[in-house]
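# Geometric and topological summary
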Amino acid sequence: EKWDPLGSKDVAVAYLNYSIGTLTLEKDPGAALKNLIKAAQFETPLKKSPYTYAYIAGAYETGPYAKLSEQYKATYLGKDETPESKLMLANINQLVDRMIDAYARAVALAGTDAKFAQAKTGWNESLTTWYKYRNSDKTEGMDQLIAGILAKPLPPEPTPLTSLPATAPAAASPAANSGATPASGSGNGAPASTTTPAAAKPAATPKPDKPRNRH
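Here we summarise the structure given alongside this text.

What counts and what doesn't
- Residues numbered from 1 in each chain as written.
- Predicted model: local features only at pLDDT ≥ 70, side-chain atom pairs only at ≥ 80, totals over all residues.
- Heavy atoms only, no water.
- Axes fitted to C-alpha atoms, helices over the stretch in contact; angles between N-to-C directions.
- Helix = DSSP H or I, 4+ residues; strand = E, 2+ residues; numbered from the N terminus.
- Parallel < 35°, antiparallel > 145°, perpendicular 65-115°, else oblique.
- Left-handed = near helix turned anticlockwise from the far one by under 90°.
- Contact = heavy atoms within 4.5 Å.
- Nonpolar A, V, L, I, M, F, W, Y, C, P; charged D, E, K, R; others polar.
- Expected span 1.5 Å × (residues − 1).
- Buried < 20%, exposed > 50% of the residue type's maximum accessible area, 1.4 Å probe, protein only.
- Arc of directions from axis to C-beta.
- Core = buried A, V, L, I, M, F, W, Y, C linked by side-chain atoms within 4.5 Å.
- Salt bridge = Lys/Arg side-chain N within 4 Å of Asp/Glu carboxyl O.
- Phe/Tyr/Trp six-rings, centres within 6.5 Å; stacked < 30°, edge-to-face > 60°.

### A few points about the packing of helix α3 (residues 50–76) against helix α5 (residues 117–134)
Across the interface, α3 lies against α5 with an axial gap of 12 Å and an inter-helix angle of 45 degrees. Of the possible angle classes, the one that applies to α3 and α5 is oblique. Regarding α3 and α5, the two cross each other, and that crossing is left-handed. For the pair α3 and α5, contact is made by Pro50, Tyr51, Ala54, Glu61 and Tyr65 and by Ala119, Trp123 and Trp130, respectively. Within the contact of α3 with α5, the residues separate by chemical class into seven nonpolar, no polar and one charged.

What follows is the structure in structure tokens.
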């Protein structure tokens, strides 16, 4: 019935998930992602911390994205485009879209607060890289995305696609499996995991946010 020194069960659950997520991010980013997303669901200071979303973006980037990108390179690199390669690329792009969403939240929540300035620079660079990849190397609309992102609910992990969407953005369907990639030009039709932006974890890794005693 009492959760002292924490304010409630929700606060305890949020911070336990956040702690597990941040402590396991490096070794098991896929599992850490689930904990971090859950931590962001509760009305606690974590929900308004830019680090929460930078960690989520990093977990996507070094976990499911990196794994699927490597599979794509191993299976389809340098080969003619097929329905199967298009489908895998569409699943990769779903993950990139989640990374864009999370980096946008980190940038928006960092705002003009000086204590986040250094980390925000890295988050914004990562956001720009992935946004340009998904939008034909353009940044039009990115500022609007940042301005409105906090009004939207945090999306869950994407459900893997088993068939191609009826329509897909141009960036999601290169003419062959040798399309341009951000930064590296590695030729795999999707950003290479070896060139993931430096802020796969927060650029300035903080000590985990501590629960605030509400009493």
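Back to the text.
### Let's talk about unusual backbone geometry
For the bond from aspartate 4 to proline 5, the omega torsion is 5 degrees, close enough to zero to count as cis. With respect to the helices and strands, proline 5 occurs in the segment before α1 (9–24). Located in the positive-phi region is serine 136, a residue other than glycine, with phi close to 55 degrees. Structurally, serine 136 can be placed in the loop between α5 and α6 (142–148).

### Things to note about α5
With 18 residues, α5 extends 26 Å between its outermost C-alpha atoms, agreeing within 8% with the 26 Å of an ideal straight helix rising 1.5 Å per residue. Of the positions making up α5, those classed as buried are Ala119, Gly122, Trp123, Ser126, Leu127, Trp130, Tyr131, Tyr133 and Arg134. Taken down its axis, α5 places every buried residue within 160 degrees of arc, on the same side. The exposed set on the far side of α5, more than 90 degrees from its buried face, consists of Gln118 and Glu125.

### Quick look at the nonpolar core
Of all hydrophobic cores here, the largest spans 52 residues; its most connected members are Ile56, Ile92, Trp123, Leu127 and Trp130. The element contributing the most residues to this core is helix α4 (residues 83–110), with 13 residues. Dropping the residues within four chain positions of it, leucine 127 is found in contact with Ile100, Tyr103, Ala104, Val107, Met142 and Ile146.

### Topic: the side chain of asparagine 91
When you line up the elements, asparagine 91 lands in helix α4. With a relative accessible area of 12%, asparagine 91 lands in the buried category. Residues within four places of asparagine 91 in sequence aside, it is in contact with Leu68, Thr159, Pro160 and Leu161.

### Observations concerning the packing of α4 against α5
It is the contact of α4 with α5, at a shortest axis distance of 9 Å, that shows an interaxial angle of 145 degrees. Along this stretch, α4 crosses α5, giving a crossing that reads as left-handed. Across the interface between the two elements, Leu89, Asn93, Val96, Asp97, Met99, Ile100, Tyr103, Ala104, Ala106, Val107 and Ala110 from α4 touch Lys120, Trp123, Asn124, Ser126, Leu127, Trp130, Tyr131, Tyr133 and Arg134 from α5. Residue composition of the contact of α4 with α5, by class: 14 nonpolar, three polar and three charged.

### As for the pattern of salt bridges
Applying the stated criterion across every chain, the model contains seven salt bridges. Between glutamate 81 and lysine 86 there is a salt bridge, with its nearest N and O atoms 3.8 Å apart. Look at lysine 86 and you get partly exposed, because its relative accessible area is 31%. The salt bridge involving aspartate 97 is made with arginine 134; its shortest N-O contact spans 2.8 Å. Taken together, the positions of aspartate 97 in helix α4 and arginine 134 in helix α5 put the pair 37 residues apart, joining distant regions of the chain.

### As for the packing of aromatic side chains
Per the stated rule, a full pass over the model turns up five aromatic pairs. For the ring pair tyrosine 18 and tyrosine 55, a centre distance of 6.1 Å and an interplane angle of 75 degrees mean the geometry is edge-to-face. Within this pair, whereas tyrosine 18 is found in helix α1, its partner tyrosine 55 is found in helix α3, the two being separated by 37 residues in sequence. Comparing tyrosine 18 with tyrosine 55, the two get one shared label, buried.

In short, the description is geometric, and any link to function would need to be established separately.
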